Amino acid sequence: MTLATDTELHSITANKVVDARGSACPGPLLEAKKGIGGVSLNGVLEIWSSDPATKTDIAAWSSKVGQSFLGVLTADGYDRVFVRRQK
Amino acid sequence: MAEKLVIIVTHGPDDAELATIPFVMAVAALASDVEAVLGFQADGVRLVARGVAEQVEAPSFPSLAKLLADFRELGGTLLVCSPCLKSRGITAPDDLVDGAEVVAAARFVAEVTSATNSLVY
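Our subject in this report is the structure included herewith. Starting from 1, residues in each chain are numbered consecutively following that chain's sequence as written. The order in which chains are written sets their letters, starting at A; the order in which ligands are written sets their numbers, starting at 1. Predicted model: local features are reported for residues with pLDDT of at least 70 only, side-chain atom pairs are reported and counted for 80 or more only, and whole-chain, interface and lining totals are derived from all residues.

So, on to the overall build of chain A. By definition, any uninterrupted DSSP run of H or I lasting at least four residues is a helix, any uninterrupted run of E lasting at least two residues is a strand, and each is numbered from the N terminus. The helix and strand tally for chain A stands at 3 helices and 4 strands. Going residue by residue from the N terminus, the α and β elements of chain A occur as α-β-α-β-α-β-β. Over its C-alpha atoms chain A spans a radius of gyration of 11 Å, differing by no more than 12% from the 12 Å that the globule rule assigns to 87 residues. Structurally, chain A occupies a C-alpha span of about 30 × 25 × 20 Å along its principal axes. In this description, a residue-residue contact is defined by the distance between C-beta atoms placed from the backbone, which must lie within 7 Å. In chain A, the share of contacts with a sequence separation of at least 24, taken over all contacts with a separation of at least 6, comes to 62%. Our radius of gyration is a C-alpha quantity, and the globule rule it is checked against amounts to 2.2 Å times the number of residues to the power 0.38.

Given below as C-alpha cells:
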C-alpha cells in the first residue's frame with residue numbers, strides 16, 4: 001500500500017464525496033461500499049467521517065476488497081478519507 | 001463472494017450491545033464482499049420477531065432496525081432456530097421479520113461447516 005502525501009491528497013479533486021459524519025460504525029464503511037460503485041475506474045472516492053476509527057477501517061476494507069487506500073486528511077472535527085477505485 | 005462468515009446470535013433485546021454487534025459484523029462482512037449468515041438461537045431469536053429490532057439501540061451503535069435493513073439490502077441470510085421460537089411462543093412466519101428462514105440443527109451445521117469462519121455471540 002502506497003499512501004499519498006498530504007500535499008498530494010490536498011491536490012486531489014475527488015470524483016465523488018460521501019458525507020458519513022455522525023454515522024456510527026459500520027455506517028461509514030457502508031457508505032464507502034455504496035459510494036465506490038459511483039466512481040469510475042481509477043477515480044477517487046472521498047469519505048467524510050467523524051468516527052476516528054473510520055480511517056483504519058477504510059484502510060482495512062480497501063485492502064480486503066482490492067481498492068487503493070490513499071490516506072487521510074484531518075479537517076475541522078472530521079476526517080477526509082481517500083480511496084482510489086482499482087476494480 | 002468466495003468467503004462466507006456465519007455468525008450465531010444468542011443474546012436477545014435485553015442485552016442491546018451483544019444483540020447489535022453481530023449485526024455490525026455481518027454488515028461489515030457484506031460490505032467487504034464476504035457472504036454473511038446470521039443464525040439466531042436461544043434468546044437471539046427474539047431479535048427477528050416482528051417489531052423488536054425497532055426497540056433495540058445500543059449506545060454509540062446504529063439502531064438494530066437500521067442494521068437489519070442494511071443487512072437485508074446487502075443480501076444477507078437470516079436463519080432462525082425452530083425450537084427456540086416454539087419455546088418462546090413466537091409463531092413463524094407471521095411473527096418474524098421478512099426474509100427470516102426457520103431452520104433446525106442440520107442447516108446450522110451445514111452453514112457453519114461450509115463457512116470460511118464463524119463467530120458466536
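Attention now moves to the interface of chain B and chain A. Each partner contributes to the interface: chain B provides 10 residues, whereas chain A provides 10 residues. Take the side of chain B that touches chain A: its biggest share by element is 4 residues, from helix 1 (residues 16–31) of chain B. Of the residues belonging to the side of chain B that touches chain A, the class tally is 6 nonpolar, 2 polar and 2 charged. When residues are grouped by polarity, Ala, Val, Leu, Ile, Met, Phe, Trp, Tyr, Cys and Pro land in nonpolar, Asp, Glu, Lys and Arg in charged, and all others, Gly among them, in polar.

With that out of the way, let us pick up the sheet that holds strand 3 (residues 68–74) of chain A. Residue and element names in this part refer to chain A. Strands sit in the order 1-2-4-3 across an open sheet of 4 strands; the sheet is mixed. Of all the strands in the sheet, just strand 1 (16–19) and strand 3 have a single pairing partner and so form its edges. Each strand axis lies, on average, 20° off the axis of its neighbour in the sheet, ignoring direction. By this definition, two strands are paired if DSSP reports at least two bridges between them. By the bridge criterion, 6 bridges tie strand 2 (residues 44–49) to strand 4 (residues 79–84) in an arrangement that is antiparallel. Considered in strand 4, the bridge of Ile-47 is made with Val-81. Note on method: axes are straight lines fitted to C-alpha atoms, helices fitted across the in-contact stretch only, with angles between N-to-C directions ranging 0 to 180 degrees. Sheet strands touched by helix 2 (residues 27–36): strand 1, strand 2 and strand 4. Its angle to strand 2, the strand with the most contacts, is close to 160°.

We now examine the pairing of strand 1 of chain A. Within a regular strand, the side chains alternate between the two sheet faces. Residues and elements named next belong to chain A. With 4 bridges connecting them, strand 1 and strand 2 associate as parallel partners. Across the sheet, residue Val-18 finds its bridge partner in strand 2, namely Ile-47. In this region the chain leaves strand 1, passes through helix 2 and returns to the parallel neighbour strand 2; the handedness of that crossover is right-handed. Think of it like this: strands point away, you trace from the first strand over the helix to the second, and a clockwise trace means the crossover is right-handed.

This next bit is on the nonpolar core. For this entry, the nonpolar core is defined as buried Ala, Val, Leu, Ile, Met, Phe, Trp, Tyr and Cys residues connected by C-beta atoms within 7 Å. Each residue is classed by its C-beta neighbour count within 10 Å, where at least 20 other C-beta atoms makes it buried, 12 or fewer makes it exposed, and intermediate counts make it partly exposed; the C-beta atoms are placed from backbone geometry. Counting residues in hydrophobic clusters, the biggest one holds 56 residues, and the most contacted among them are Val83(A), Val27(B) and Val80(B). It is helix 1 of chain B that contributes the most residues to this core, 10 residues altogether. Excluding residues within four positions of it along the chain, Val27(B) makes contact with Pro26(A), Leu30(A), Leu67(B), Asp70(B), Phe71(B) and Leu74(B).

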